[in-house]
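# Structural characterization, general
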Amino acid sequence: MASLVYDILTDPAPLQASEPGRESRGSVYVVVSNPNLNGEVDWRSIEVRVPFGGKAGDLTSDPEAVKARISQNSATEPGKDPTVEWDGKNGVLTVTAQPNSLFREAGSLVLVLDDFPVSGEPGLVLLQVTERAADGAKVQRNPVALSLLKRLPRVPRNFRPKDTLVAAGGDVVLQWDGPDTLAYTIHGPDGLSEPVPQRTGAGWQWSPTAGKEPKRDATYTLVAASRSPQQEPGYFLTTTVHLRHPEFDSVTATQGLRTPWAEGTADKGRITFTPRGVQVHDDAHTPGAVTADKVSATAVNTTWVGDHDSGKGWIEFPQSGVDVRRDGSREWGTVAADKADLNGIHTKWVQGRDGSAGWIEFPPAGVNVFEGSGNRQWGTVAAGTADLDDLVTHRAQVKERLTLQGGLTVDGVLETQDGPSRLVVHGRLDAQGEVSAAGGVGVGGDLSVDGDLVVRGDVRPLRNLDVGGLVTAGDLTVRDKLTTDHERFALLVHGESLFLGKVNANRLLSVRTGEAWVMHVSEEMVAIQGNLRVHGAFRSDS
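Everything quoted here is computed from the prediction, not taken from an experiment.

### Re the overall build of the protein
Helix and strand content of the protein: zero helices and 42 strands. Within the protein, counting contacts between residues at least 6 apart in sequence, those at least 24 apart form 44% of the total. For the protein, the accessible area works out to roughly 38600 Å², and carbon and sulfur atoms hold 49% of it.

### Points about the sheet that holds strand 22 (residues 304-306)
Pairing is antiparallel in the open sheet, where four strands are placed in the order 22-23-24-25. If you trace the sheet from one side to the other, it starts and ends with strand 22 and strand 25 (331-332), each paired once. As judged from the three bridges shared by strand 22 and strand 23 (residues 314-316), these two strands associate in the antiparallel manner. Residue pairing for strand 23: Trp304 is matched across the bridge by Glu316.

### Structural notes on the sheet that holds strand 26 (residues 349-351)
The three strands are arranged 26-27-28 in an open sheet whose pairing can be described as antiparallel. Strands at the two margins of the open sheet, each flanked by one partner only, are strand 26 and strand 28 (368-370). The sheet shows a mean angle of 15° between the axes of neighbouring strands, direction not considered. Bridging between strand 27 (residues 359-361) and strand 28 involves three bridges; their strand directions are antiparallel. Within the sheet, the bridge partner assigned to Ile360 lies in strand 28 and is Val369.

### Examining the pattern of salt bridges
This structure, assessed with the given rule, holds 17 salt bridges. Taking the shortest distance from any N to any O, the salt bridge between Glu316 and Arg325 comes out at 3.0 Å. Residue Arg325 is joined to Asp323 by a salt bridge in which the shortest nitrogen-to-oxygen separation is 3.5 Å. Just as Arg325 is buried, Asp323 falls in that class too. Through salt bridges that share partners, Glu23, Arg25, Lys67 and Asp115 make up one connected network.

### What to know about the packing of aromatic side chains
All told, the structure shown has ten aromatic pairs when counted by the stated rule. Taken together, a centroid distance of 6.2 Å and an interplanar angle of 80° make the contact between Trp304 and Trp314 edge-to-face. Remark: Trp314 occurs in strand 23 and Trp304 occurs in strand 22; sequence separation between them is ten residues. These aromatic residues form a ring-pair network of at least three members: Phe159, Trp176, Tyr184 and Trp204. Positioned above the aromatic ring of Trp261 is the side chain of Arg270, whose terminal nitrogen or guanidinium carbon lies 3.7 Å from the ring centre. A cation over a ring is seen here: Arg325 above Trp332, with NZ or CZ 4.1 Å from the ring centre.

### So, the pairing of strand 3 (residues 25-33)
In this structure, strand 1 (residues 5-11) lies alongside strand 3, joined through seven bridges in antiparallel fashion. By the bridge assignment for strand 3, Asp7 is matched with Val31.

### Looking at the environment of Val31
Take Val31: it is sitting in strand 3. C-alpha of Val31 to C-alpha of Val112: the two residues are 81 residues apart in sequence and 8.7 Å apart in space.

### Let's talk about the nonpolar core
By size, the foremost hydrophobic cluster in this structure holds 32 residues, and its most contacted members are Val28 and Leu127. Every element with two or more residues in this core is listed here: strand 1, strand 3, strand 4 (43-49), strand 7 (92-96), strand 8 (108-117), strand 9 (123-135) and strand 10 (138-151). If we skip the residues at most four places from it in the chain, Val28 touches Ile8, Leu9, Thr10, Leu15, Leu59, Leu111, Val112, Leu113, Phe116, Leu127 and Leu148. Counting residues in each nonpolar core, the second largest holds 18 residues, with Phe159, Leu192, Val196 and Leu243 among its members.

### Comments concerning unusual backbone geometry
Of note, the bond from Asp11 into Pro12 is cis; its omega dihedral lies within 30 degrees of zero at 0°. Tracing the chain through its elements places Pro12 in the loop between strand 1 and strand 2 (15-16). At the junction of Ala13 and Pro14, the peptide bond is cis and its omega measures out at -15° in the coordinates. With respect to the element layout, Pro14 can be found in the loop between strand 1 and strand 2. Positive phi, normally seen in glycine, also occurs at Asn158, with a value near 55°.

### Considering a nonpolar patch on the surface
The grouping of Val398, Leu402, Leu404, Leu408, Val410 and Val413 at the surface amounts to a nonpolar patch, some 450 Å² of accessible area in total. Mapped onto the elements, Val413 comes out in the loop between strand 29 (409-410) and strand 30 (414-417). A relative accessible area of 37% means that Val413 is categorised as partly exposed.

About the thresholds
- Residues numbered from 1 in each chain as written.
- Predicted model: local features only at pLDDT ≥ 70, side-chain atom pairs only at ≥ 80, totals over all residues.
- Heavy atoms only, no water.
- Helix = DSSP H or I, 4+ residues; strand = E, 2+ residues; numbered from the N terminus.
- Contact = heavy atoms within 4.5 Å.
- Areas by Shrake-Rupley, 256 points an atom, 1.4 Å probe, with all protein chains shown as cover.
- Pairing = 2+ DSSP bridges.
- Axes fitted to C-alpha atoms, helices over the stretch in contact; angles between N-to-C directions.
- Salt bridge = Lys/Arg side-chain N within 4 Å of Asp/Glu carboxyl O.
- Buried < 20%, exposed > 50% of the residue type's maximum accessible area, 1.4 Å probe, protein only.
- Phe/Tyr/Trp six-rings, centres within 6.5 Å; stacked < 30°, edge-to-face > 60°.
- Lys NZ or Arg CZ within 6 Å of the ring centre and 35° of its normal.
- Core = buried A, V, L, I, M, F, W, Y, C linked by side-chain atoms within 4.5 Å.
- Patch = residues over 30% accessible without salt bridge, like charges linked within 9 Å, V, L, I, M, F, W, Y side chains within 5 Å.

Structure representation (structure tokens):
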């Protein structure tokens, strides 16, 4: 009979036998105590032999994996702890007392065989304990048998997804361990409830059927119930699967939503969030299109802008500015606007909105103005004021007053000159009405006036002077021919007359003072009324 008392405990209790593909590990605790009230026990050693292998009576299939130790010791005095030795090849634990060390009265010692793989066959395991203790002067060997149970699990456990994060709902695989004596049912999202087909073995696996795959993160519940009529309590285990690309009917995020990108379900357009903002891609992950009723943006960077209809006008943005195209091609298009505020315009021609309106083209020399209807007939420029450095024209018509500050020059015809101001006519001057000059009038050629000619200064035509009306001049000098027409006199001179050359009168010549005559010259006679004074010779033929 053993001098000490031996008890055995396991963790888990009972031990779970290992299954194919799933190893179960366990621990064994041997509690050695001295319940004797008569005194201490003179013990020498305790040997625990563990059966190992793959049979029902074997504790482990790998004795080398056993970790042996003493967990608690109140059996010996401090400093006299026993030694522990584990023989992994033979599966033997040996605990040896220190010399002259006694097992205290009511003391205990816990031997631990820890963290070993439990053999796969369920059954009863017997551990053989051999106690060596002294009974007086004689040391005896006292055998003790300790028993424990290992069995297959009777409840489901380890309910888990094969992959906690999957790309799509069709990739969901749920796994669990449990006896084949139970009936299993999977409950999932949207009211899913599917029984699991019966099979033999402890390892189970399930995937949703086609059309019932989850579209977003889903929580599944495993329900296990007994198949026996005795209706043992059911078991419930839950697990969750996360989808890498979940689909939502709608999303309301009051505190914001964070995601690297968002993609459609049937149509695989994608929005990607970059450090600078958002990128839109099509199902080929190339830059896509954005369709919206309105867009409010501070700035838009784009290669081109067009209508929904690809056959309409569009705008592209080269480095130089903006190009407007038409008909979905690269033909130049038309810009229509109420107003355009521009610093400059580069264009070949400009025309009003109506096709019959006038138009302007821009040759290298300047500007051409044409009539409408697409012809090239010269058009009319209307302006309140025109400020020009030079005016080159075939003809000009001034409806009101023409004021020239810098002077006027008509090549080969006339010009104005300063200091003193005067009008110089190169050629013949024909005046249909009255010609009035405050100063002198100098004409290089003929001067013809249909009406009166009034000159406050000199009149000096270099050639002929034709006056249709009255000629009034302070000083009239005619170098060639002077012709005038009066209702009473052929030639009327007010003031003194000076003839530097010969005076020829083909008919009568009358010299008058007011209303009285002084001298008459007729065809036959010269009559003088008054005194005649001659300075020089006087000759008479009769």
